[in-house]
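A structural walkthrough
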Amino acid sequence: MAQSPQAKYRKDYQSPSHTITDIDLTFDLFDSATTVTAISQVKQLLDSTTLFLDGEDLVLKAINVDGEAWSQYQEVEGGLEIHGLPQQFELTVVTQINPEANTALEGLYKSGGAFCTQCEAEGFRRITYYQDRPDVLAKYTTTVIADKENNPYLLSNGNRIDQGELEGGRHWVKWQDPHPKPSYLFALVAGDFDVLRDNFVTQSGRDVALEIFVDKGNLDRATHAMTSLINSMKWDETRFGLEYDLDIYMIVAVDFFNMGAMENKGLNIFNSKYVLANENTATDTDYLGIEAVIGHEYFHNWTGNRVTCRDWFQLSLKEGLTVFRDQEFSSDLGSRAVNRINNVRIIRGPQFAEDASPMSHPIRPDKVIEMNNFYTLTVYEKGSEVIRMMHTLLGEEGFQKGMKLYFERHDGTAATCEDFVAAMEDASGVDLTQFRLWYSQSGTPKVTVSSEYNASQKTYALTIEQVTEPTNNQTDKQPLHIPFDIELYDSKGEVIDLVMDGQAVHHVLDVKAAKQTYVFENVAEKPIPSLLREFSAPVILEYDYQDEELIFLMVHARNEFACWDAGQMLLAKYIRSNVQAVQNGDTVTLPSSVIDAFRGVLLSEELEPAFIAEMLALPSHNEVSGWYASVDVDAIANVLKSLKVQLAQELNDELSAIYHSLKQKEYSIDHAAIGKRSLRNACLSYLAHTEQGNSLVQSQYQSANNMTDTMAAMSAANQAQLPCRETLMADYSEKWKHDGLVMDKWFMLQGTNPADNALDVIRETMNHEAFSLKNPNRTRSLIGAFLSNNPVGFHAKTGEGYQFAGEILRELNSSNPQVASRLIDPLLKFRKYDVERQALIKQQLEALKSMDNLAKDLYEKVTTALDA
Ligand code: B3K
Ligand code: ZN
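This one's a predicted model, so the numbers in the text were calculated from it and none came from an experiment. (Residues numbered from 1 in each chain as written. Chains lettered and ligands numbered in written order. Predicted model: local features only at pLDDT ≥ 70, side-chain atom pairs only at ≥ 80, totals over all residues. Heavy atoms only, no water.)

**Structural notes on the coordination of the zinc ion (ligand 2)**
In this structure, H296 (NE2), H300 (NE2), E319 (OE) and E319 (OE) serve as the protein donors to the zinc ion (ligand 2), at separations of 1.9 to 2.8 Å. Considering all 6 donor atoms around the zinc ion (ligand 2), angles at the metal cover 52 to 162° and the coordination shape is irregular. Spacing between the donor residues of the zinc ion (ligand 2) along the chain follows H-x3-H-x18-E. Residue H296 is found in helix α2 (residues 284-299), and its partner E319 is found in helix α3 (residues 315-333); the two are separated by 23 residues along the sequence. (Donors = N, O, S within 2.8 Å, 3.2 Å for Na, K, Ca; no water. Tetrahedral: all angles 85-135°; square planar, octahedral: opposite > 155°, others 65-115°. Helix = DSSP H or I, 4+ residues; strand = E, 2+ residues; numbered from the N terminus.)

**What to know about the packing of aromatic side chains**
This model, assessed by the stated rule, comprises 30 aromatic pairs. With 5.0 Å between their ring centres and 50° between their planes, W235 and F299 make a pair best called tilted. In this pair, W235 sits in helix α1 (residues 223-240) while F299 sits in helix α2, placing the two residues 64 residues apart along the sequence. Given a relative accessible area of 6%, W235 falls into the buried group. Its relative accessible area of 0% is what places F299 among the buried residues. Here the aromatic rings of Y244 and Y298 are separated by 6.0 Å at their centres, their planes lie at 45°, and the arrangement is tilted. Linking Y244 in the loop between α1 and β19 (248-254) with Y298 in helix α2, this pair joins segments that are 54 residues apart in sequence. On the accessibility criterion, Y244 (2% relative accessible area) is buried. Given a relative accessible area of 1%, Y298 falls into the buried group. A network of ring pairs unites the aromatic residues W235, F240, Y244, Y249, Y298, F299 and F329 as a single cluster. If you follow K644 out to its NZ or CZ, it ends over the ring of Y686, 4.6 Å from the centre. (Phe/Tyr/Trp six-rings, centres within 6.5 Å; stacked < 30°, edge-to-face > 60°. Buried < 20%, exposed > 50% of the residue type's maximum accessible area, 1.4 Å probe, protein only. Lys NZ or Arg CZ within 6 Å of the ring centre and 35° of its normal.)

**Looking at helix α14 (residues 652-661)**
Residue pairs three or four apart in sequence face the same way in an α-helix, which turns once every 3.6 residues. If you check which residues of α14 are buried, you get E654, L655, S656, I658 and Y659. The inward-facing, buried residues of α14 contact α10 (592-603), α13 (633-650), α15 (671-687) and α16 (693-703). (Contact = heavy atoms within 4.5 Å.)

**Describing the environment of G55**
One can find G55 in the loop between β4 (51-54) and β5 (59-65). For G55, a relative accessible area of 9% gives the class buried. Spatially, the C-alpha atoms of G55 and E75 are 9.2 Å apart, while their sequence positions differ by 20 residues.

**Considerations on the packing of α3 against helix α4 (residues 336-355)**
Taken N-terminus to C-terminus, the directions of α3 and α4 make an angle of 145°; their axes are 7 Å apart at the nearest point. From α3, Q327, E328, S330, S331 and D332 reach across to α4, where they touch R336, N339 and N343. Tallied by class, residues from the contact of α3 with α4 come to no nonpolar, 5 polar and 3 charged. (Axes fitted to C-alpha atoms, helices over the stretch in contact; angles between N-to-C directions. Nonpolar A, V, L, I, M, F, W, Y, C, P; charged D, E, K, R; others polar.)

**A short note on the pairing of β5**
Note: β5 against strand β9 (residues 88-97), 6 bridges, orientation antiparallel. Paired with L60 across the bridge in β9 is T95. Sheet topology note: the β5/strand β6 (residues 68-69) ladder contains 2 bridges and is antiparallel. If you follow N64 over to β6, its bridge partner there is A69. The hairpin turn running from β5 into β6, its antiparallel successor, is 2 residues long, and D66 in that turn takes a positive phi close to 50°. (Pairing = 2+ DSSP bridges.)

**Some words on the packing of helix α23 (residues 800-815) against helix α26 (residues 835-849)**
Where α23 meets α26, the axes come as close as 9 Å, and the angle between the chain directions of the two elements is 15°. Classified by the angle their axes make, α23 and α26 are roughly parallel. Here α23 runs over α26; the crossing is right-handed. On α26, the residues that touch Y802, Q803, G806, L809 and R810 of α23 are R837, L840, I841, Q844, A847 and L848. (Parallel < 35°, antiparallel > 145°, perpendicular 65-115°, else oblique. Left-handed = near helix turned anticlockwise from the far one by under 90°.)

**Section: α1**
With 18 residues, α1 extends 25 Å between its outermost C-alpha atoms, agreeing within 8% with the 26 Å of an ideal straight helix rising 1.5 Å per residue. All of the buried residues in α1 are H224, A225, M226, S228, L229, S232, M233, W235, D236, E237, R239 and F240. In the segment just after α1, G241 is the residue with positive phi, at about 65°. (Expected span 1.5 Å × (residues − 1).)

**Concerning the UniProt feature "domain: Peptidase M1 membrane alanine aminopeptidase" (unreviewed entry) in the chain**
Sequence positions flagged by UniProt for "domain: Peptidase M1 membrane alanine aminopeptidase" (unreviewed entry) are, in local numbering, residues 225-435. In the segment residues 225-435, helix accounts for 55% and strand for 9%; the C-alpha atoms at its two ends are 37 Å apart. (UniProt positions renumbered as here; feature names shortened; annotations may be inferred.)

**Some points on the site of ligand 1**
Lining the immediate surroundings of ligand 1 are 14 residues, of which E120, E263, E297, N372 and Y380 lie closest. A distance of 2.5 Å separates a nitrogen atom of ligand 1 from a polar side-chain atom of E120. One nitrogen or oxygen atom from the side chain of H300 is found 3.1 Å from an oxygen atom belonging to ligand 1. For ligand 1, the protein covers 96% of the area, taking 340 Å² as the surface of the free molecule. Taken together, the elements giving at least two residues each to the shell around ligand 1 come down to β20 (261-262), α2 and α3. (Near = heavy atom within 4 Å. Polar contact = N/O pair within 3.5 Å; in protein donor to acceptor, adjacent residues only side chain to side chain. Areas by Shrake-Rupley, 256 points an atom, 1.4 Å probe, with all protein chains shown as cover.)

**Remarks on the nonpolar core**
When a protein is soluble and globular, its nonpolar side chains tend to lie buried together. Counting 277 residues, the largest nonpolar core has L91, M390, F420, F484, F520 and V697 as the members making the most contacts within it. Sort the elements by how many residues they give to this core and helix α5 (residues 377-410) lands first, with 13 residues. Ignoring sequence-local partners within four residues, the contact set of F484 consists of V447, V449, I464, H507, V508, L509, V511, L531, L532, S536 and L541. (Core = buried A, V, L, I, M, F, W, Y, C linked by side-chain atoms within 4.5 Å.)

Spelled out as structure tokens, the structure:
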């Protein structure tokens, strides 16, 4: 590597020397040589006659200042320095770029036959020289010129204001966005599509045109996205009082996209995975994913676009808040308990793992080499938990007052996380001084609770102790302000009122000290505590529950989340004890009381099917691995499999009866139908491990009238390694080989295949006609699944899994570093494995480190992991 990439620090923020009030862009689109003319109105803000513009991989064609050719400039590392400038001027920059050669999918690139852009975080600098930072907000006018036959649709942000024809079969369209915005929200699309059109009338009566652009022939897969968009617009008005602010809202689905979607003003660009769905091609999970992502990008219009981030260290300002909003949207429309459970699984699984990894960072990072590396579970999901804690502390009313004040103060500007917290604090009067530490402190707090009942005094004392272990980037940790939601139950399952010092107290305790004891009065009998209800803070809870107490809570806790959590804690106890048993050469066992508790859940007539399905799901291998400082991959896999088999055998009759009773004739995607399919397929995943497994799975596959049931059959066959697996896989591939998106499900099954020869199969699968390492969805489905969700295959003692990862990463390092940098995460945790595996993984990291063209993305992660 010529020169090591440099880190940027949050503390070094400096306001821009100049601002750009207006920019007029013209794109003359050609596959390999597109000319971009950018005319900016620039104003000096600080005392400086030099302007620095970011730029990468650009061919500079011309620079003019106020219409005259300008020679006082210098091309420097990462950009352009222009000298001797007046206080206010018009700057014209002409650059040439090559969209066709852009495999990194950042800036302007080609997805299939269409041109499209991705500018967040720092992609605009690959289009033209510009102040590519979120605190420079300009009004954009964009003219797009292209060949008309191949590109009948020419799109950009804002409203279409003019259009025309040119010679040589070319045409142009001019767009104007009235809302000043940072460069990362710029977008352009040119291509040929089918368009689904609808409209939405806002609460103040404005008519908004809605347009969804999909590849030709895919119109029948766009309706759910449209419904989700309309639901999002309605929901943001009712719950947050926020209305859309342009006359048109467009969504374009593209097949080549590094992430899920992008909230460009008025012109969202989406990974087709989060738009396209019909019952034959998409599972219920896909449908819910589309609803969530369509909502998420729409909600960014206010939390992200109207108020944006001052600098990228503040990313959680828009992302944590918008994730919170999309979670609330999904919960208001569907099952709140199921949504909460799934969100908590992400925090407790991969987010806690990230907190414990060398790349651990606070939700507002302090140091960044490659910004794309910080679109993380910590910034997004833990960021959302931090917003949720404020919501818990302030209540819905206080929180909405805070939102109102936040928009009053910051609409149309670039703000900071501190601005958000200050608005919440000022609007509600709740002191958030200590709470702010959640923004700056990394790692997961461990909260250990102990209890003591005093029968003669009728008091019950809970002692709550919090410790955050040092993380790679921070050694000193302070106690945090933890909203700790509890309930106490008497033996009949009645809630005991919380009284302290003669006063009624709220069920959310404000835990602030390292160690604190709460003594509750008038407690007539020894209670059973329900702790950290609703997962009221992103912490690891430790409390020495007896089995009977957990079984009691599974039935009596008043809220479904707490029932589920009790079930999880019960399973966790037996997973831990069985891992130890396996390590000692003993067999895996589960007491009948535990099996009966799950039988009770299965037979419950009060619980919703969707919720029962969640109760039955064992924690993932990754989540269990997170409980250990040193991970025994094979023992954990053995225990999870054995518990599944044992539960399947013991509950065979009940599972079988429920499976058959839940068959639905007609397919629909309402929440009740989704819930029934979910429980039925959860039963199937157990039944696959019984004698009737092969025939049940096979017949479900054959009779399925929707993708949810098809996929459930295939994944049961895959996980249980049933004899029918190969036939089903072959049939599916034959049917869908022309459709990459639908084949992703198949690639994912190959990636997670628990067979001994998994890696050989994966290498072979890379030759499948639908596979391409150039497409991020294909790569994540097959390779990503193998690296992160095939623990036994990937961590094979021979090191062949690591070797394979190294090969792929070296290739992706040149073609698409962002995708490479996502895939590498499992390797960064090498210190959690035995010494042989550690050495083998390290060898791969060292090999990457020694590459001379190592991209910033991988450089940052590899060096951080090796130096930790
Ligand atoms: N803001 C985009 C993510 C951009 C990622 C850049 N590497 C999508 C979202 O969070 O809504
Ligand atoms: Zn977002």
